[in-house]
Amino acid sequence: MTTQRWRAGHLPGLDASEVAWHVLPFEGHGRRVDIEVPLLTDAQMQAVARHVREAARARLQPMPVDAVIDVLARAVARLLDASDPRRQELDALLPVVTGYDPEMVRLGLTSYLHTFRAPQLQRFVAQDFPNPKVLDGFQPAVKGGAIRAFGPALLAHVWAGNVPGLPLWSLACGLLVKAGNVGKLPSAEPVFASVFARLLAEVHPPLADCLAVTWWKGGQPGPAAALYRWADTVLAYGGNAALREVRDQVPVTTRFLGYGHKLGVALVGRAALDMQRGPATARLVALDIVRYEQQGCYSPHAVYVERGGATDPRQFAQHLAAELANLAHRHPRRVLPLDEAAAVSAWRQAAEWRALGGQGELLGDEDSPWAVVQADAPQPLAPSAGHRCIVLSAVETLDDVALLLAPHAAFLQTVGLATAPEHLYRLAALLGQAGVTRVAPIGGMTQPEAGWHHDGRFNLADLVRIVEIEQGAEAAADRLAPSWQEGRP
């Protein structure tokens, strides 16, 4: 087994030789990578926060938002180039660090990066700001007067490591509102944010000091508290316990935006269940399940299939099982650590007991790296064990699913929906009332469109504060102009 040593982080204003480094070991695909992550003292964290904040004020905030979009788009264009050294660095490291199939990582990352090209970033901004120029200066307000949007002077990010590349979303948001950005690397995936920070510095050197990427041990209060004292806004991803820990450390006067774990669901209507569309739809559901092993908040954990189609729910389950078996050869499941393997085994065992009691059927033997539970009665929503485990329930009509989902509104996010046009908006309204915030096509559940409202919120507008010049203030200023008295009696 070959071993590589790689240093993570991006620390403008600090001498790397004066920083302590902690090693995170990773093994996968016949390789070992020892990744060094920075362990900053409280004083060093404060120095980084101050440095980034001041650099953003001097270099980033004067840039027009179109110029920021251009820089981000040029960086993403390099990562979309398979021959670029930074892209090759990601393709080499991410499969080892995450354990995911290299081809799945490559395809998933490329698809994800397309969301951050210039046209998509422009839509991203326009979705939250009908007049994006409010990020550059005061603009006329509909009610009279003028408004301007100011991003935080310093935005702190606490990233999760369940999906490779996740930090790009919040980093792009922070840069688009012209904030200084300091991010905490996740121990599970410390690569992407480090590479992207260095790439931005290469593409546009003035931005090198406007963001930092660091790390600290979970539960270590010193560096975190030092950063949060300097931040205007803290943006965090993770489970409820992790978010609670972060929120408790954030000063009460600092804005806190937390994104917790969510569940996705797939709904398949009769229109998608004829003899041709049925197998094709099963293939798309399988892709949504396999991408990143259901670790994303938009991944499906349950499938509801409407009765009355040419392909009945049991046949659809068999098609889905066959597609998961095929994908297991194309994109092998990552090797599971003991705790995750035990969770999958326990989930399968419970499903087997229910099957013995006449409550459904388990497809996939114990050696299969996937499992489909097919139930003839609608099952309540519950998280599966992940790692290609899914519950498929038959329902009389897709309208019934909203009632099953409503008790779990706090944990709902994405529904993948395959239905006829005349049912789309009615079902979307029912799902929205139940707590769903995103309705996506099946096969696209794990690929949100540019400008989507993450967990039903505004990605950019939630980060800014709006400064208003009231119409009365304009009128009062006009009365003090030398020209005001001209021509008046």
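Each value, and the rule that gives it
- Once a new chain begins, its residue numbering starts again from 1 and follows that chain's sequence as written.
- Given that the model is predicted, a residue must reach a pLDDT of at least 70 before its local features are reported, and side-chain atom pairs must reach 80 or more before they are shown or counted; all residues, however, enter totals for whole chains, interfaces and linings.
- With hydrogens and water set aside, each side-chain value is computed from the structure's full complement of heavy atoms.
- Stacked, tilted and edge-to-face are the three classes applied to pairs of Phe, Tyr and Trp rings, where Trp contributes its six-membered ring and a pair requires centres within 6.5 Å; stacked means planes under 30 degrees apart, edge-to-face means over 60, and tilted covers the rest.
- Numbering goes from the N terminus for both helices and strands, where a helix is a DSSP run of H or I of at least four residues and a strand is a run of E of at least two.
- Here's how the labels work: a residue is buried when its accessible area is under 20% of the maximum for its type, exposed when over 50%, partly exposed in between, all with a 1.4 Å probe on protein chains only.
- Within this document, salt bridges are pairs made up of a side-chain nitrogen of Lys or Arg and a carboxyl oxygen of Asp or Glu, the two lying within 4 Å of each other.
- Criterion used throughout: strands pair if DSSP finds at least two bridges between them.
- In this description, a line fitted to the C-alpha atoms serves as the axis of each element, helices being fitted only across the stretch in contact, and the angle between N-to-C directions of two axes falls anywhere from 0 to 180 degrees.

Caption draft 1: The packing of aromatic side chains, seen in detail. Enumeration according to the criterion identifies eight aromatic pairs in this entry. Both rings, one in Phe192 and one in Phe196, keep their centres 6.1 Å apart while their planes meet at 10 degrees; by these two values the pair is stacked. Residue Phe192 and its partner Phe196 are both found in helix α7 (residues 192-203); the two are separated by four residues, about one turn of the helix. For Phe192, a relative accessible area of 1% translates into the label buried.

Caption draft 2: Quick look at the pattern of salt bridges. This structure, assessed with the given rule, holds 26 salt bridges. A salt bridge links Arg32 to Asp34, with the nearest nitrogen and oxygen atoms 2.9 Å apart. What makes Arg32 partly exposed here is its relative accessible area of 27%. Relative accessible area serves as the criterion here: at 10%, Asp34 is assigned to the buried category. Taking the shortest distance from any N to any O, the salt bridge between Arg277 and Asp274 comes out at 2.6 Å.

Caption draft 3: The sheet that holds strand β3 (residues 31-39), seen in detail. Reading across the sheet, the three strands line up as β1-β3-β2 and stay open at both edges, with mixed pairing between neighbours. Pairing within the sheet leaves two strands with one partner each, and these edge strands are β1 (2-7) and β2 (20-28). Geometrically, the sheet is characterised by an average inter-axis angle of 20 degrees between neighbouring strands, direction not taken into account. Bridge count between β2 and β3: nine bridges; the pairing is antiparallel. Bridged to Leu24 within β3 is Ile35.

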